[in-house]
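Structural overview
One letter stands for each residue in the lines below.
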Amino acid sequence: MDRNNQMRRQIAAMRQSLFDQGFLDEQFIQLEELQDDANPNFVEEVATLYYRDSSRLIYNLDQALEKSPLDFNKLDNYMHQLKGSSTSIGAKKVKAECTQFREYCRTANGEG
């Protein structure tokens, strides 16, 4: 029993650290509040889908960045999708980076 309590404290500390460092925002708390006895793995399932979708989008971005000339509309579309997914899960820093990247797309700033 003591080991379970120790693991719970460690997980709680890691979770708090993600908030303290600005990686997560209040949207993640709202996701946690949707988890209940009927769906005890809800947050895990949403996070798994987010990572799977994010991997696909990052791959697509990488492929699009290899092309010349850059298709800023396509890049912006990928970033829009990633930003939306990141917002819905509470990935605060990823959302901020997507916002910046989208600004580079809007101004056709390939160096950015």
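As recorded by an unreviewed UniProt entry, the chain carries the name Histidine-containing phosphotransfer protein and is attributed to Cannabis sativa. What UniProt states about the chain under its Function (unreviewed entry) heading is, verbatim, "Functions as a two-component phosphorelay mediators between cytokinin sensor histidine kinases and response regulators (B-type ARRs). Plays an important role in propagating cytokinin signal transduction."

Moving on, we get to the overall build of the chain. Tallying secondary structure elements over the chain gives five helices and zero strands in all. Listing each helix as α and each strand as β along the chain from the N terminus yields α-α-α-α-α. A globule of 112 residues ought to have a C-alpha radius of gyration of about 13 Å, yet the chain, at 17 Å, is considerably larger. If you line up the chain on its principal axes, its C-alpha atoms span 60 × 30 × 20 Å. Of all 112 residues assigned to the chain, the portion counted as buried reaches 24%.

As recorded in UniProt, the sites labelled "domain: HPt" (unreviewed entry) are residues 39–112. Helix and strand shares over residues 39–112 are 77% and 0% respectively, and the end C-alpha atoms of the span are 42 Å apart.

What follows covers the packing of aromatic side chains. By the definition in use, this model includes two aromatic pairs. Ring centres of Y50 and Y51 lie 5.4 Å apart, and the angle between their planes is 65 degrees; on these two criteria the pair is classed as edge-to-face. What makes Y50 buried here is its relative accessible area of 9%. Judged by its relative accessible area of 56%, Y51 is exposed. Directly above the aromatic system of F23 lies the positively charged group of K93, at a separation of 4.5 Å from the ring centroid.

We now examine the layout of surface pockets. Within this model, the largest pocket holds a volume of roughly 230 Å³. Around the largest pocket, the lining residues are L18, F23, L24, F28, A47, Y50, Y51, I89, A91, K93 and V94. Looking at the lining of the largest pocket, the elements that each hand over two or more residues are α3 (42–65) and α5 (92–106). Considering each element in turn, the lining of the largest pocket owes the most residues, three residues, to α3. Split by residue class, the lining of the largest pocket holds 10 nonpolar, no polar and one charged.

Structurally, the position occupied by Q27 is in helix α2 (residues 26–34). Residue classification places Q27 among the partly exposed residues on the basis of a relative accessible area of 26%. Distance from Q27 to A91, taken between C-alpha atoms, is 8.3 Å for residues 64 residues apart in sequence. Apart from residues lying up to four places away in sequence, Q27 is in contact with T87, S88, I89 and G90.

Once that is clear, we can look at the pattern of salt bridges. Scanning the model with the defined rule gives four salt bridges in all. With a shortest N-O distance of 2.3 Å, D53 and R56 are connected by a salt bridge. Here the residue D53 and the residue R56 both occupy positions in helix α3, the gap between them amounting to three residues, near one helical turn. What makes R56 partly exposed here is its relative accessible area of 39%. Where R106 meets E103, a salt bridge forms, and the shortest distance between an N and an O atom there is 2.6 Å.

The rules behind these values
Residues numbered from 1 in each chain as written. Predicted model: local features only at pLDDT ≥ 70, side-chain atom pairs only at ≥ 80, totals over all residues. Heavy atoms only, no water. UniProt positions renumbered as here; feature names shortened; annotations may be inferred. Helix = DSSP H or I, 4+ residues; strand = E, 2+ residues; numbered from the N terminus. Rg over C-alpha atoms; globule rule 2.2 N^0.38 Å. Buried < 20%, exposed > 50% of the residue type's maximum accessible area, 1.4 Å probe, protein only. Phe/Tyr/Trp six-rings, centres within 6.5 Å; stacked < 30°, edge-to-face > 60°. Lys NZ or Arg CZ within 6 Å of the ring centre and 35° of its normal. 1 Å grid on protein atoms, 1.4 Å probe; cavity = no way out; pocket = protein on both sides within 12 Å on 5 of 7 lines; lining within 4 Å. Points joined across faces, edges and corners; volume = space filled by probe spheres on them. Nonpolar A, V, L, I, M, F, W, Y, C, P; charged D, E, K, R; others polar. Contact = heavy atoms within 4.5 Å. Salt bridge = Lys/Arg side-chain N within 4 Å of Asp/Glu carboxyl O.

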